[in-house]
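Below are the chains, spelled out letter by letter.
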Amino acid sequence: MRKLSALVVLIVALACFSLMACDALRIVDVTLDITGDNLSYFTGYYETTGSDTTAISGTVPKSYTFQARKSLDVVAVQIVRVGVGQISARLIADGITRDSAATSDVVGVITLEWIAK
């Protein structure tokens with residue numbers, strides 16, 4: 001009877017551990033939302049530790065959606081814009097803004113980072 005109880009406890013413990021590990025590897029959608037004045041032109045990149053760097057460029061407004069592994073990936077973004085007016089960017093995951101920044105400098109650089117936890 002003790003061996004059976006110990007076996008049941010072991011199985012339950014392993015099941016709980018595997019469920020916790022699954023949440024740590026959960027994939028989340030991340031949206032990079034770029035807005036600004038007067039169809040401002042920008043260039044830059046975004047990347048996660050789990051994937052290659054992706055080059056981006058265009059005029060605002062623009063939105064990119066990509067994936068990150070929860071508890072494992074770091075998301076990094078850098079956007080460069082030359083011109084007048086303002087440009088802003090934000091990282092959104094699970095419906096929550098994780099990082100945001102704006103610039104109105106003639107040569108403006110926006111750097112965003114989020115550790116997916």
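Just so we're clear, the structure is a prediction, and the values are computed from it rather than from any experiment.

S.K.: Can you walk me through the overall build of the protein chain in this structure?
M.R.: The helix and strand tally for the protein chain stands at 1 helix and 8 strands. Each helix and strand of the protein chain, ordered N terminal to C terminal, gives the series α-β-β-β-β-β-β-β-β. For the protein chain, the proportion of its 117 residues judged to be buried stands at 29%. A separation of at least 24 residues holds for 59% of the contacts in the protein chain among residues at least 6 apart in sequence. A total accessible area of about 7,300 Å² is found for the protein chain, and carbon and sulfur atoms account for 60% of it.

S.K.: Whenever I open this one, the pairing of strand β2 (residues 41-48) confuses me. Can you help?
M.R.: The two faces of the sheet receive side chains in turn, since in a regular strand these alternate between them. Burial along β2 is one-sided: the residues F42, G44, Y46 and T48 are buried and none of Y41, T43, Y45 and E47 is. As paired elements, β2 and strand β3 (residues 54-59) share 6 bridges and run antiparallel to each other. Looking across to β3, one finds that T43 is bridged to S57. Connecting β2 to the antiparallel partner β3 that follows it, the hairpin turn spans 5 residues.

Conventions we followed
- Residues numbered from 1 in each chain as written.
- Predicted model: local features only at pLDDT ≥ 70, side-chain atom pairs only at ≥ 80, totals over all residues.
- Heavy atoms only, no water.
- Helix = DSSP H or I, 4+ residues; strand = E, 2+ residues; numbered from the N terminus.
- Buried < 20%, exposed > 50% of the residue type's maximum accessible area, 1.4 Å probe, protein only.
- Contact = heavy atoms within 4.5 Å.
- Areas by Shrake-Rupley, 256 points an atom, 1.4 Å probe, with all protein chains shown as cover.
- Pairing = 2+ DSSP bridges.

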